[in-house]
Amino acid sequence: MARYIFSRVGQALLVLWATFTISFVLLQAMPGDAVMVKFQNPEYGLSAEQIADIRAAYDADGSVVLQYVHTIGNFITGDFGYSLQAGVAVSAQLAVNLPSTIRLAGLAFATAVLLAVVIAVLSNISGFTRLRSFVLSLPSLFVSIPAFWLGIMLIQIFSFRLRLVPVINPGEWEGLILPVLTIAVPISAPMAQILLRNIDEVLTRPFVSVARAKGASHAFVLWRHVAKNAVLPVLTVAGVLFGELLAGAVITETVFGLNGIGSLAEQAVNFQDVAVLQAIVVISAAAFVTINLAVDLLYPVLDPRLKAKLGGVA
Amino acid sequence: MTILDTAERHRNIDSPNPLDWISAAPAAEVATRAPAKARAYAIRIQPGLVLAYIVLAIALLWAVAPGVFTSYDPVQGLPGQQLKAPSALHFLGTDALGRDLYARLVYGAVHSLSGAVAAVAIGLFVGTALGVVAGSAGGWVDHAIMRLVDILLSIPVLLLSLSIIILLGFGTVNAAIAVGFTSIASFARLVRSEVVSVRRSEYVEAAFGSGGTFFKVLWRHVLPNSLTSVIAFTALQVGSAILQLSTLGFLGYGAPPPTPEWGLLIAEGRNYIATAWWLTAAPGIVVVLVVLSINRVSQAIGRAQR
Amino acid sequence: MTISPIGRLEGTVLPAPVLDVSGLTISYRDQNGTRTAVHGIDFSVAPGEVVALVGESGSGKSSTAQAIIGLLPENGRLESGSIRLNQQDIAGWPQKRLDGIRGSVISLVPQDPGNSLNPVKTIGRQVAEILIIHGKASGAVADARAIELLERVGLNQPALRAKQYPHELSGGMKQRVLIAIAIALKPSLIIADEPTSALDVTVQKHILDLIDELRCEYGTAVLLVTHDLGVAADRSDRLIVLKQGKIQEQGRTADILANPQSAYTRQLLADAPSLNVRPRRVAAPAEAAGKETSDDIIIVEGLVQDFGLGGKEKGLRALDDVSFRVRRGTTHALVGESGSGKTTTIRTVAAFQKPTSGKVIVDGLDLSSPPRETLRLLRKKIQLVYQNPFGSLDPRQTIAGIVEEPLLNFEPVPRVKRAEIIASTIEKVGLPLDVLQRRPHALSGGQRQRVAIARALVLDPQILILDEAVSALDVTVQAQILALLDTLQRDLGLTYLFVSHDLAVVHQISDTVSVLNGGKIVESGAVEDVFERPQSPYTRELIDAIPGKKYPSLAGRPLSTHSGNIR
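What you are looking at is a predicted structure, and each value in this text was computed from that prediction instead of being measured.

What counts and how
In this numbering scheme, every chain counts its residues from 1 along its sequence in written order. Lettering for chains starts from A, numbering for ligands starts from 1, and both go in the order in which the items are written. Only residues with pLDDT of 70 or above have their local features reported here, since the model is predicted, and side-chain atom pairs are shown and tallied only from 80 upward, although totals for entire chains, interfaces and linings are computed over all residues. Note that the side-chain values use all heavy atoms of the structure and ignore hydrogens as well as water. Only DSSP runs of H or I covering at least 4 residues are called helices, and only runs of E covering at least 2 are called strands; the numbering of each starts at the N terminus. Only protein chains enter the accessibility calculation, which uses a 1.4 Å probe; a residue whose area is less than 20% of its type maximum is buried, one above 50% is exposed, and one in between is partly exposed. The contact definition used throughout considers only heavy atoms, calling two residues in contact when any of these lie within 4.5 Å. To measure how exposed things are, a 1.4 Å probe is used in the Shrake-Rupley method; for residues, cover is taken only from the protein chains shown. We define a salt bridge as a side-chain nitrogen of Lys or Arg found within 4 Å of a carboxyl oxygen belonging to Asp or Glu. Only Phe, Tyr and Trp rings are paired, with Trp represented by its six-membered ring, and only when their centres lie within 6.5 Å; those with planes under 30 degrees apart are stacked, over 60 edge-to-face, the remainder tilted. The predictor rates its confidence in each residue with pLDDT, a number between 0 and 100. In short, DSSP must find at least two bridges between two strands for them to pair. Put simply, buried Ala, Val, Leu, Ile, Met, Phe, Trp, Tyr and Cys residues joined by side-chain atoms within 4.5 Å make one nonpolar core. Residue ranges assigned to each domain were obtained from an automatic or database domain assignment. All axes here are fitted lines through C-alpha atoms, helices being fitted over the stretch that makes contact, and every angle between N-to-C directions spans 0 to 180 degrees. Roughly parallel means an angle under 35 degrees; roughly antiparallel means over 145; roughly perpendicular covers 65 to 115; every other angle is labelled oblique. Polar here means any residue outside two lists: the nonpolar Ala, Val, Leu, Ile, Met, Phe, Trp, Tyr, Cys and Pro, and the charged Asp, Glu, Lys and Arg; Gly therefore counts as polar.

1. Considerations on the overall build of chain B
Thinking step 1. What chain B contains, in helices and strands, is 13 helices and 0 strands.
Thinking step 2. Starting at the N terminus and walking to the C terminus, you meet the elements of chain B as α-α-α-α-α-α-α-α-α-α-α-α-α.
Thinking step 3. Taking all 306 residues of chain B together, 58% fall into the buried category.
Thinking step 4. Counting only contacts in chain B whose residues sit at least 6 apart along the sequence, the fraction spanning at least 24 positions is 69%.
Thinking step 5. Accessible area for chain B stands at about 11,900 Å²; split by element, carbon and sulfur atoms hold 71% of it.

As structure tokens, then:
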């Protein structure tokens, strides 16, 4: 078991390091001194000393290798460089924007889980054939909707037509309703699809027949036998869903004009603010890796089969 | 299809693509399962499939011969026709410059579709090559390629494409490259797992056993048998590429105005959302319909394989 | 959830049958419309009786069993007929009502113990569950009762087992757990649907013994669904022979075996290897076995095969000092249960893997360190036929393509010549030429196996390795393929290395035999010697476990005089 944990953590660190390196190579080293050229742009109105300071901070005069070592050291200590657009440290920008994005993403994730479970449950209630086929078609519809369009349409329908949710100066939580929905709907779709597929698959397994043969009702079987078997594999896509969540945040924050990591990323691209985007990429990769690591470590605890396998080897 | 052990199955599941999540059923199981499942999806929604093909045919015709479908100019507005609601004259209305929205949608098809196809072509060729090499070579080559794939997958798709755009700059071609790049990893992973599972099958062993060389077996058995699911996945990717491209277009990173790219149309219409709702609704619906149809066709291809 | 307990109709007068099925018709819907699987069959099961439902694939035996317990697949439909359980017609009952009797009045021992227990629930919970569902016990009482039941079905350390998960138990143990569940509420009828076909032969015997014992103790009737006539002959009071959804014959087992009325039953009886231990043909001289002669085409000496586990650990020794020799033109069988190393052995002989140590010489070619050219030469000499013809034929190729492929791997043969070779090979294996343009899925299992044999023969090899090559086939098809193999051996002078878990088949087809257990050869010799006078206790146990010995007169002659009970 210890060996397993060790190797998993090692792998995670390796992926993280490689992600950093690739993003470094792509974003900083490749266009040569492009970043510096940008700083020298008179538009920013930076004085010669300031430019020299920044050059020193980036170690721009050193070799690429030195820059790399420098940057990786900075990243480890939480120094992500300076945003050339805002003129402040990237870490400060992140600190300001992270909480609101986490709140948005967290609420959206919870909503998406709820939606997916509702879809899965509704489609497995026998007796409502029409409802079932309608519900079954929802996930494939949801994955086909562009998130930004969904956001705009939600505003159009709920704010302008029905006047249910105000868009101008909404309350703190009120203003989150539509953004949360905008992120949650597209993410609930793959979740629901996996859940439905797993439930269908588990229902065909012989142990379900055995449970029925014991006299268990359909509902009992679904709840006591199928549920855990069907839900466990969903955990393994948590990392991917996180990525979708982040993409959703970028789009939603742009559409609804909210502050957060997503709108930060969007602005970074608009202003070619490389340092900011690199920091966001590396941090989200770190989050992805951490989530997958957590799932990898949690899975054997939840699935007795894997526990035995690992126990046997370690 | 494929026979995978539990561990392999879990591994498959963390791909970002729904197709990989399909738990691969042992061959024997599929035979008994097919009839039971057919009831839920295949039989009932066949008319849907026909409809999907019709939608795609129309979208393709828009892209190939837009002039046949509309007589309006997509770029030059008509004076005095600004922001007209849908009517017999402009049946999807007009935008703030007096341009016919329907005409812009028709002419936009070529931008959105060709971009998506180009993007997927990049992912398909590079990803398939990597996957075939990894799956058939095995050993450290396999290991190195798959670690690279892991790294690519660890960056959220949108952020990855934004990184590439910040590197290459804005524009239609760059957006397509960015989107294509994001699908390389998933193609590589799918193809590798297909190749590996086909390689494990008894008919491949039998082919080696009758004196077949590596490349002969690869060509005769491994590639043809991996193909169907790759085609289904390619179709699925075209749908998701359209979505991603429209997102980039919406954010303003794709084609510059006045190109009638679908994502851009939605972005432009957004400013008039309170007064001219059709400007955002119509392009969005077109995107949804096309993507939905592509996904439906992809599903049908994937199922035919079983 | 409340379940209304439905009376077990206790105190039923004995003569009334537990189960009375009449006019039972079952159909399945699929893409091609409706297909009737069972055509109005009638039979009954008396209290405490064992009735065997025997048939080949597609006979409708499993559909019948599923219909009785109300668990037909979703596309299956009970068209007409009555199922009277304790004189109550349950045929039209809704699932909710059936829930009340399933498990308590009628229960199931399933086919595939490996997949029939929920992998993420403990054994104890799964046994206790049936008591809880029917409101017979709950909480700690149910748990304690579950442990008692586990003990009753012969699991050692039942309290420990109750806390374990299914993957921690062997197949035989899992089947015992499932039996514990089936008998928990002392039902009137147990449906045992191929209860042992996924198990090794020695385990099969113990499981069948257990079912027998519990049946006697509880007076439960058993409907035994099986494809294995040997098992049916040994274990049933009455026999029902099904073919394509119709009853061919039913009656007392002894009567049917002694005097079958229908042609189909006669065919089945003639083809069942376990009931027909007869010398296949003039056996090879017994003294050849084990002795060195210049005519040995396969020589395996001191073969050891290790498999690393994750690279680092000590690894698993799959084969330990395995040695045997096969004379040209004879059939050597490797028998053993799962995990015995028989598959590993043939994969090494076929040069799919390198031996860790030891010597393998095939027709003079040393495979211990084969240069490339040796390997290519070997491919022309030795060919493998797999167990599962569904998996060993590429679904995308035509039959012609499949059979042609080996020819393309060696010296170029002109197209016309190739077509001639393909046609003659296809005819050799008894297939019509019009199969050539079809694809594997359009063929039956037996036809596919013939195609696999044709592919193996097209290079004119000297040795065929038959890896459980007839195990997945119905008995009548199995008999045909065995006859084909026999003819081919005589006509072409082939040598067979025959791998099987089925001793009855081995007895029929082989000249010499090696018995493998845990990666070691425990016994080796001429087939008659090994079967008549087994030397090792393991071989004796294996032979004893072969079903179909209850009526030795049928076998033509007694199989073994040994009757000691091992373990």
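2. Digging into the pattern of salt bridges
All names here are of chain C.
Thinking step 1. Summed over all chains, the structure comprises 38 salt bridges over all chains.
Thinking step 2. Note that glutamate 213 is salt-bridged to arginine 152, the shortest N-O span being 3.2 Å. Taken together, the residues span a long stretch of sequence, with glutamate 213 in helix 7 (residues 201–218) and arginine 152 in helix 4 (residues 139–152) at a distance of 61 residues.
Thinking step 3. Connected through salt bridges with shared partners, the residues Lys205, Asp209, Asp212, Arg215 and Arg235 form a single ionic network.

3. Remarks on the environment of B:Leu289
Thinking step 1. In this fold, B:Leu289 is placed in helix 13 (residues 278–304).
Thinking step 2. A C-alpha to C-alpha distance of 23 Å links B:Leu289 and B:Gly252, two positions 37 residues apart in sequence.

4. A few points about the environment of B:Val173
All names here are of chain B.
Thinking step 1. Structurally, the position occupied by valine 173 is in helix 9 (residues 172–200).
Thinking step 2. Exposure remark for valine 173: the relative accessible area of 58% places this residue in the exposed category.
Thinking step 3. Sequence separation between valine 173 and serine 136 is 37 residues; the distance between their C-alpha atoms is 33 Å.

5. Topic: the packing of aromatic side chains
Residues and elements named next belong to chain B.
Thinking step 1. The full count for this structure, using the stated rule, is 9 aromatic pairs over all chains.
Thinking step 2. Both rings, one in phenylalanine 91 and one in tyrosine 102, keep their centres 4.7 Å apart while their planes meet at 50°; by these two values the pair is tilted. Of this pair, phenylalanine 91 sits in the loop between helix 5 (66–69) and helix 6 (101–137) while tyrosine 102 is found in helix 6, placing the two residues 11 residues apart along the sequence.
Thinking step 3. In this structure phenylalanine 91 comes out as partly exposed when scored by relative accessible area, which is 49%.
Thinking step 4. With 5.0 Å between their ring centres and 35° between their planes, phenylalanine 170 and tyrosine 253 make a pair best called tilted.

6. Digging into the confidence of the model for chain A
Residue and element names in this part refer to chain A.
Thinking step 1. Chain-level statistics for chain A give a pLDDT mean of 80 and a share of 84% at 70 or above.
Thinking step 2. Considering each helix and strand of chain A separately, the mean pLDDT is smallest for helix 2 (residues 34–40), with a value of 55, and largest for helix 9 (residues 206–213), with 91.
Thinking step 3. Scored below 50 in pLDDT, residues 30–34 shows 6 contacts in the model against residues more than four places distant or in partner chains.

7. Remarks on the pairing of strand 2 (residues 33–45) of chain C
All names here are of chain C.
Thinking step 1. As paired strands, strand 1 (residues 19–30) and strand 2 are joined by 9 bridges and run antiparallel to one another. Bridged to isoleucine 26 within strand 2 is valine 38.
Thinking step 2. Joining the antiparallel neighbours strand 1 and strand 2 is a turn of 2 residues.

8. So, the nonpolar core
Soluble, globular proteins show a tendency: their nonpolar side chains are buried together.
Thinking step 1. Judged by nonpolar contacts, the single largest core of 162 residues is most densely connected at A:Leu277, B:Leu159, B:Leu162, B:Ile242, B:Trp262 and B:Val290.
Thinking step 2. Ranked by residue count, the leading element in this core is helix 11 (residues 214–251) of chain B, at 15 residues.
Thinking step 3. Both domains that furnish three or more residues to this core are identified here as domain 1 (2–76) and domain 2 (92–270) of chain A.
Thinking step 4. C:Val385, C:Val435, C:Leu485 and C:Val506 belong to the second largest nonpolar core, which has 54 residues in total.

9. Notes on the pairing of strand 9 (residues 238–243) of chain C
Residues and elements named next belong to chain C.
Thinking step 1. Among the 6 residues in strand 9, 5 count as buried, and that is most of the element.
Thinking step 2. Looking at chain direction, strand 3 (residues 50–54) and strand 9 are connected through 4 bridges and run parallel. Bridging from a neighbouring strand, valine 51 pairs with arginine 238 of strand 9.
Thinking step 3. Sheet topology note: the strand 9/strand 10 (residues 246–252) ladder contains 6 bridges and is antiparallel. Its bridge partner lying in strand 10, isoleucine 240 is registered against glutamine 250.
Thinking step 4. Connecting the antiparallel pair strand 9 and strand 10 is a turn made up of 2 residues, with glutamine 244 showing a positive phi of about 45°.

10. What about the packing of helix 4 (residues 46–64) of chain B against helix 6 of chain B?
A pair of packed helices can be characterised by two numbers: the angle between their axes and the separation between those axes.
Residues and elements named next belong to chain B.
Thinking step 1. One can describe the packing of helix 4 onto helix 6 by two numbers: an axis separation of 7 Å at closest approach and a directional angle of 90°. Judged by the angle between their axes, helix 4 and helix 6 are roughly perpendicular. Residues Ala59, Leu60, Trp62 and Ala63 of helix 4 lie in contact with helix 6, whose contacting residues are Tyr102, Leu105, Val106, Ala109, Val110 and Leu113.
Thinking step 2. Split by residue class, the contact of helix 4 with helix 6 holds 10 nonpolar, no polar and no charged.

11. Concerning the sheet that holds strand 18 (residues 495–500) of chain C
Residues and elements named next belong to chain C.
Thinking step 1. Within the open sheet, the 6 strands sit side by side as 16-17-18-13-19-20. Their pairing is mixed. In this open sheet, the two strands that pair with only one neighbour each are strand 16 (382–385) and strand 20 (520–526). Between one strand and the next, the sheet's axes are offset by a mean angle of 15°, whatever the strand orientation.
Thinking step 2. One ladder, built from 6 bridges, connects strand 19 (residues 512–517) with strand 20; its direction is antiparallel. Bridging across to strand 20, leucine 516 finds its partner in isoleucine 521.
Thinking step 3. The sheet strands contacting helix 12 (residues 372–381) are strand 16 and strand 17 (463–467), and the helix crosses strand 16 at an angle near 60°.
Thinking step 4. Helix 20 (residues 537–545) rests against strand 19 and strand 20 of the sheet, and its axis sits at about 105° to strand 19.

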